[in-house]
Amino acid sequence: MASSHSSSPVPQPNSSDAFFKKEKDVAKRFQPVQSLPDVCPKEPTGDPSSLCDSPSLVADQHRWTIYHSKVNLPAALNDPRLAKRESDFFTKTWGVDFVDTEVTPSFYLPQITKEHFALYQQEIAPREKVHERCKNICPSKDTFDRTLLHTYDEFISSISLFQIFMKPDFALEDSLTFNAVLPWSHFSTAGGKGNRDAASSKLLQEKLSHYLDIVEVNIAHQISLRSEAFFHAMTSQHELQDYLRKTSQAVKLLREKISKIDKVMCEGSLRVLRLSLTRNNCIKAYNKLKLMATVHQTQPTVQLLLSTSEFVGALDLIATTQEVLQQELQGIHSFRHLGSQLCELEKLIDKMMIAEFSTYARNDLNRPLEDDCQILEEERLVSLVFGLLKQRKLNFYEIYGDEMIITAKNIIKQCVVNTVSQIEEIDTEVVVKLADQIRMMNFPQWFDLLKDIFSKFTIFLKRIKATLNTIRSVVLLVLDKNQRTRDLEDTLQKNSVKDSPLDTEVAYLTHEGMFISDAFGEGDLPLVAADTTSQRNTSPNSEPCSSDSVSEPECTTDSSSSKEPTSSVTPGVEMMISDDMKLTELELGRLANNIQELLYNASDICHDRSVKFLMARAKGGFLEKLNSNEFVALSRLMEGFILDTEQICGRKSMSLRGALQSQANKFVNRFHEERKTKLSLLLDNERWKQAEVPAEFQDLVDSVSDGRISLPEKKPTGAEERKPTEFLIVEGQKYATVGTVLLLIRIILEYCQCVDNIPSITTDMLTRLSDLLKYFNSRSCQLVLGAGALQVVGLKTITTKNLALSSRCLQLIVHYIPIIRAHFEARLQPKQFSMLRHFDHITKDYHDHIAEISAKLVAIMDSLFDKLLSKYEVKAPVPSACFRNICKQMAKMHEAIYDLLPEEQTQILFLRINASYKLHLKRQLAHLNVVNDGGPQNGLVTSDVAFYTGNLQALKGLNNLDLNMAEIWEQKR
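The model shown is predicted, which means the values in this text are computed figures rather than measured ones.

A.B. asks: Give me the lowdown on the overall build of the protein, citing residues and values where you can.
C.D. replies: Helix and strand counts for the protein come out as 32 helices and two strands. The buried share of the protein, taken over its 973 residues, is 35%. Of the contacts formed within the protein by residues at least 6 apart in sequence, a portion of 76% connects residues at least 24 apart.

Here is the structure:
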């Protein structure tokens, strides 16, 4: 291995001692072959001894090892500085003093022999045999000139060396192409590589020079191959020039002959044809000038039409003129500004129509509100609507809607002013605001004012409906015309399979740019073409599609806003519907719906203004302070107005109904609170004594019995007065009541009658009435059973008569609960029937209260029996004092309740009292050891019991009472 100048040479026998010190034992040079050490000495390489003998970067850093070798042999052999490859490489590089010596084998490299390749040869031998066999089977084809093929292969191989230069998108501006041609990696300026970079630069220059030589050689080779063809082309060029010279002479001769023929035979005939064409052109120019004169009069004619408010005629004239300018007068310099002027005039007409419609709406809505609901200037309205539709001003109905809002405000203001002017108590100079003037009115004055406002609003809505029905009929008429036109086009399209010769000729002439009037006579014109021409050639005084025809028929529409317009509208309106009214069916349908929605909005506006008027008077609780009759009258008036508006407009408006419901709820709350407070005061002052029944209350009960739940009318003062009765007769039964219950019945009937007058508060009234009945039940229980009347009224005690009277009053209320339930059930919706369960709960509570009162009466006598019979002794005299007291108390009890309770209830009550008496007597006899043995004591007891039985059965209504006194004795077992 050769080394550089900086490298230490391999040790030689004749070298200095310093070199021999590197090798202490010469025998070590001839050690057995070992594998090269790895970079990491600690990694095993297959030989255990290699871990100790291989050089280490740490331990051997101060002596020479293989890691000190810095020579790159391939780089040295491929030195780019050499002009050509020389055999004497080392002599040229290192000088003539270099001596080629034998290189001593390295003891670090193993000796490679053929045995190392034996295994490889064994594996590759079969593959080589297969390869040779395939070459024999498929011989190469030598069917072309090998010389040319060899030349072409050399050219291709040379081309492949610099194929990047042959690319069509080759550009050195591209960074990738530039780096591929001049690789900058060879010119890096890293330290210690300057010489190598210079050599790489020279090598690149030689490579490019080599490419240039290859290209030049191949170009010369290709020229040499095609030299014969080049010289043949040069020879053919001279022959071609001779042929062109002869052809030019022949063409010149032919032109001279044709010129002579043209003068003799064609010039005269062509002149006649030219004059004829000139004449036709003059006629066309004359007709064009006439048309221009007609078009020139368009603006004065439009001004004349606008002065008479003929908007539709003016728009039709403008549309026709625009069509003529775009088709037949296109490019005329004198009319270059006419189109824009007509567009500006059309915009002006749009503004005029909108202003005119706004004026019409204002005049129509601000007319005096009388019973007259006729349409104002119906012909003018129809003309305006058609003009607005023609110009696609589809939001014109919004103008009418804005005017409706303003007019509704003015109606209320005018009604208030008229009413206030008739009231002397209100000084308009002192009270300026209308709201304050309204609040100074009493209920009759305010009620009359509200009635006047509702009547004016009703007429107002009828007028709006008539006007909007007319507008909607016009829109539906245009929609119907569009549908008929579309059906006609569909029919014509189906029947246009065989075109007539006339249609074919018209289509051809139109395609060729000729006028139909120039190709046909007036008698031969098609119908449509004649109509179009007559419209375009009309004089300024003749108005195409003039709207004067609108004023002839009367445009009347049905108030039902049906889709089919009435026949009276159709004849005059048909002349206004031109074919250029390009509105889709969707737009027309949406516009018709918006107009119908505007009628609904009118109803909402009236309701909203009425609500504001109502709320202005409701401040300060004025409406809540109304009595029942006044509120019922107000409610009926508002309900009537709501129904009238629904009938006129066909849709419900909820604002006024909601305001009525809100006031009704407030009225119900006040109504209920007043009556509940009244009932509370009556109960707090009730002494629970039987009251006389006035005749009016008996009449009230009788009217309910007849099936009419209503308050009877007050009789005149001069009528005969009837005396009050002791009992209230209800369906043949006598009811002893207190004054509070009589008034409670009247209050209950007031609730029922209020439901009849104001059906919208049925559910609220049902809830409030249930609350009232529950309150009476609970409060009466507190006062009687709970003895609250002792402190509230100052009663000394709660007597049995008080208890019996309270029970009978509760029974009277229970009797009317089913009637009240049926009354409310008839006025509730089926989905509201669940609210009737309140009456079932109330009935149960009342029955429980009645049962508690009965139990209380029995308990009173039970305590009395316990007190008296506990001291009973069986001894003479007979009857004993105990039994006399018992019979006395039983008589008092009977006297207290007999006139209050029915006979059946009295008997049931005394049977329960008798059972309590038997229980206590049986217990006392058992205590005294008195048995039914017929002895003296048994006789005494039997006499006392007989006295008790006789006294009890002697009481009124108890003579047939089965007392069963045998139960007082213990049964023998």
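A.B. asks: Could you give an account of the nonpolar core, with specific residues and numbers?
C.D. replies: Nonpolar side chains tend to gather and get buried jointly when the protein is soluble and globular. Judged by nonpolar contacts, the single largest core of 199 residues is most densely connected at Trp446, Phe824, Phe910 and Tyr917. Here the element with the most residues in this core is helix H16 (residues 443-495); it accounts for 20 residues. When near neighbours in sequence (up to four residues on either side) are disregarded, Phe910 contacts Met890, Met893, His894, Ile897, Leu952, Leu955, Leu958 and Leu961.

A.B. asks: A description of the packing of aromatic side chains should follow, citing residues and the corresponding values.
C.D. replies: This structure, assessed with the given rule, holds 14 aromatic pairs. Measuring from centroid to centroid gives 5.9 Å for Trp446 and Phe613, while their planes differ by 5°, and the two rings are stacked. With Trp446 in helix H16 and Phe613 in helix H21 (residues 585-618), the pair connects residues that are 167 residues apart, well separated along the chain. The buried category is assigned to Phe613, whose relative accessible area is 4%. We note Arg675 situated over the ring of Phe671; from NZ or CZ to the ring centre the distance is 3.5 Å. A cation over a ring is seen here: Arg808 above Tyr735, with NZ or CZ 3.9 Å from the ring centre.

A.B. asks: A description of helix H5 (residues 118-137) should follow, citing residues and the corresponding values.
C.D. replies: Within an α-helix, residues lying three or four positions from one another point in the same direction, as the helix has 3.6 residues per turn. Over its 20 residues, H5 runs 29 Å from end to end, which matches the ideal 28 Å to within 8%, given 1.5 Å per residue. Largest kink in H5: about 35°, centred on Ile124, with the proline Pro126 one to four residues after it.

A.B. asks: For the pattern of salt bridges, give the residues involved together with the corresponding values.
C.D. replies: One pass over the full model with this rule turns up 15 salt bridges. Across the salt bridge formed by Arg657 and Glu646, the nearest N and O atoms sit 2.4 Å from each other. Here Glu646 lies in helix H22 (residues 628-649) and Arg657 lies in helix H23 (residues 654-684), a separation of 11 residues in the sequence. Using a relative accessible area of 23% as the deciding quantity, one classes Arg657 as partly exposed. Where Arg670 meets Glu674, a salt bridge forms, and the shortest distance between an N and an O atom there is 2.7 Å. Note that Arg670 and Glu674 are positioned in helix H23 at a spacing of four residues, about one turn of the helix. Judged by its relative accessible area of 17%, Arg670 falls in the buried class. When salt bridges with common partners are traced through the structure, they connect Arg670, Glu674, Arg675, Arg746 and Glu750 into a single cluster.

A.B. asks: Hey, could you go over empty space enclosed by the protein for me, with residue numbers and the actual values?
C.D. replies: One pass over the structure, following the stated rule, counts five cavities of 30 Å³ or more. When its volume is computed, the second largest cavity comes out at roughly 100 Å³. What lines the second largest cavity is Val704, Ile709, Ile745, Ile748, Leu749, Leu773, Ile813, Tyr816, Ile817, Ile819 and Ile820. Where the lining of the second largest cavity is concerned, the elements lending two or more residues are helix H25 (739-757) and helix H28 (800-825). It is H28 that provides the largest number of residues to the lining of the second largest cavity, a total of five residues. Per-class residue counts for the lining of the second largest cavity are 11 nonpolar, no polar and no charged.

A.B. asks: Tell me what's going on with the packing of helix H14 (residues 397-421) against H16, and back it up with residues and numbers.
C.D. replies: Contact geometry for H14 and H16: axes closest at 10 Å, N-to-C directions at 155°. Considering the angle they form, H14 stands roughly antiparallel to H16. Every pair of crossing elements has a handedness; the one defined by H14 and H16 is right-handed. Listed contacts from H16 to Tyr400, Met404, Thr407, Ala408, Ile411, Ile412, Cys415, Val416 and Thr419 of H14 are Leu449, Asp452, Ile453, Lys456, Phe457, Phe460, Ile464, Thr467 and Leu468. Here the contact of H14 with H16 is composed, by residue class, of 13 nonpolar, three polar and two charged.

A.B. asks: Can you explain the side chain of Ser635? Please cite residues and give values.
C.D. replies: Along the chain, the position of Ser635 falls in helix H22. Given the relative accessible area of 1%, Ser635 is considered buried. If we ignore the near neighbours within four places in the chain, the residues touching Ser635 are Leu660 and Ile758.

A.B. asks: Please provide a residue-by-residue account of H22, values included.
C.D. replies: The end-to-end C-alpha distance of H22 is 31 Å, a good match for the 32 Å that 22 residues give at a rise of 1.5 Å each. Those residues of H22 that fall on the buried side of the exposure criterion are Phe631, Val632, Leu634, Ser635, Leu637, Met638, Phe641, Ile642, Thr645, Glu646, Ile648 and Cys649. Packing partners of the buried residues in H22 comprise H16, H21, H23 and H25.

A.B. asks: Give me the lowdown on the packing of helix H11 (residues 311-327) against helix H13 (residues 378-390), citing residues and values where you can.
C.D. replies: Axis separation between H11 and H13 bottoms out at 8 Å; the angle between their running directions is 30°. Taken together, the axis directions place H11 and H13 in an arrangement best described as roughly parallel. Counting all contacts with H11, which are made through Phe311, Val312, Leu315 and Asp316, the residues of H13 involved are Ser383, Leu384, Phe386, Gly387 and Lys390.

A.B. asks: Could you give an account of the state of the cysteines, naming the residues involved and the relevant values?
C.D. replies: This structure, assessed with the given rule, holds zero disulfides. With no disulfide of its own, Cys887 lies 9.4 Å from the sulfur of Cys882, the closest cysteine sulfur. Overall, Cys887 belongs to the buried group, its relative accessible area being 10%.

A.B. asks: Would you mind going over unusual backbone geometry in detail, with residue names and values included?
C.D. replies: Omega for the peptide link from Ala876 to Pro877 comes to 0°, which places this bond in the cis form. Following Val878, the chain continues to Pro879 via a peptide bond in cis, the omega torsion being -5°. Tracing the chain through its elements places Pro879 in the loop between helix H29 (837-869) and helix H30 (881-897). Positive phi, close to 60°, is recorded for Asn929, a residue that is not glycine. With respect to the helices, strands and loops of the structure, Asn929 is situated in the loop between helix H31 (903-928) and helix H32 (936-953). Of note in this structure, Asn964 is not a glycine but carries a positive phi near 55°. Among the structural elements, Asn964 can be located in the segment after H32. According to the relative accessible area criterion, Asn964 is partly exposed, its value standing at 37%.

A.B. asks: An account of a nonpolar patch on the surface is needed here, citing residue identities and associated values.
C.D. replies: On the surface, Ile112, Phe117 and Tyr120 cluster together to form a nonpolar patch covering roughly 350 Å² of accessible area. Residue placement: Ile112 occurs in the loop between helix H4 (89-94) and H5. Given the relative accessible area of 54%, Ile112 is considered exposed.

A.B. asks: Describe the confidence of the model for the protein, with residues and values.
C.D. replies: Across the protein, the average pLDDT comes to 75, with 74% of residues at or above 70. Of the regions scoring below 50 in pLDDT, residues 141-145 engages in one contact with residues more than four places distant in sequence or in other chains.

A.B. asks: Before we move on, can you summarise the environment of Thr762 with the specific residues and values?
C.D. replies: Among the structural elements, Thr762 can be located in helix H26 (residues 762-785). Filtering out sequence-adjacent residues up to four positions away, Thr762 remains in contact with Val755, Phe824, Arg827 and Leu828.

A.B. asks: A description of the environment of Ile349 should follow, citing residues and the corresponding values.
C.D. replies: Secondary-structure assignment places Ile349 in helix H12 (residues 338-365). By relative accessible area, which is 0% here, Ile349 ends up buried. Sequence-wise, Ile349 and Val312 are 37 residues apart; in three dimensions their C-alpha atoms are separated by 9.7 Å. Here Ile349 is in contact with Val302, Leu306, Phe311, Ala314, Leu315 and Ile318, once residues within four sequence places are set aside.

What counts, and where the lines are drawn
Residues numbered from 1 in each chain as written. Predicted model: local features only at pLDDT ≥ 70, side-chain atom pairs only at ≥ 80, totals over all residues. Heavy atoms only, no water. Helix = DSSP H or I, 4+ residues; strand = E, 2+ residues; numbered from the N terminus. Buried < 20%, exposed > 50% of the residue type's maximum accessible area, 1.4 Å probe, protein only. Contact = heavy atoms within 4.5 Å. Core = buried A, V, L, I, M, F, W, Y, C linked by side-chain atoms within 4.5 Å. Phe/Tyr/Trp six-rings, centres within 6.5 Å; stacked < 30°, edge-to-face > 60°. Lys NZ or Arg CZ within 6 Å of the ring centre and 35° of its normal. Expected span 1.5 Å × (residues − 1). Bend = angle between axes of the 7 residues up to and from the residue. Salt bridge = Lys/Arg side-chain N within 4 Å of Asp/Glu carboxyl O. 1 Å grid on protein atoms, 1.4 Å probe; cavity = no way out; pocket = protein on both sides within 12 Å on 5 of 7 lines; lining within 4 Å. Points joined across faces, edges and corners; volume = space filled by probe spheres on them. Nonpolar A, V, L, I, M, F, W, Y, C, P; charged D, E, K, R; others polar. Axes fitted to C-alpha atoms, helices over the stretch in contact; angles between N-to-C directions. Parallel < 35°, antiparallel > 145°, perpendicular 65-115°, else oblique. Left-handed = near helix turned anticlockwise from the far one by under 90°. Disulfide = S-S within 2.5 Å. Patch = residues over 30% accessible without salt bridge, like charges linked within 9 Å, V, L, I, M, F, W, Y side chains within 5 Å. Areas by Shrake-Rupley, 256 points an atom, 1.4 Å probe, with all protein chains shown as cover. pLDDT = per-residue confidence, 0-100.

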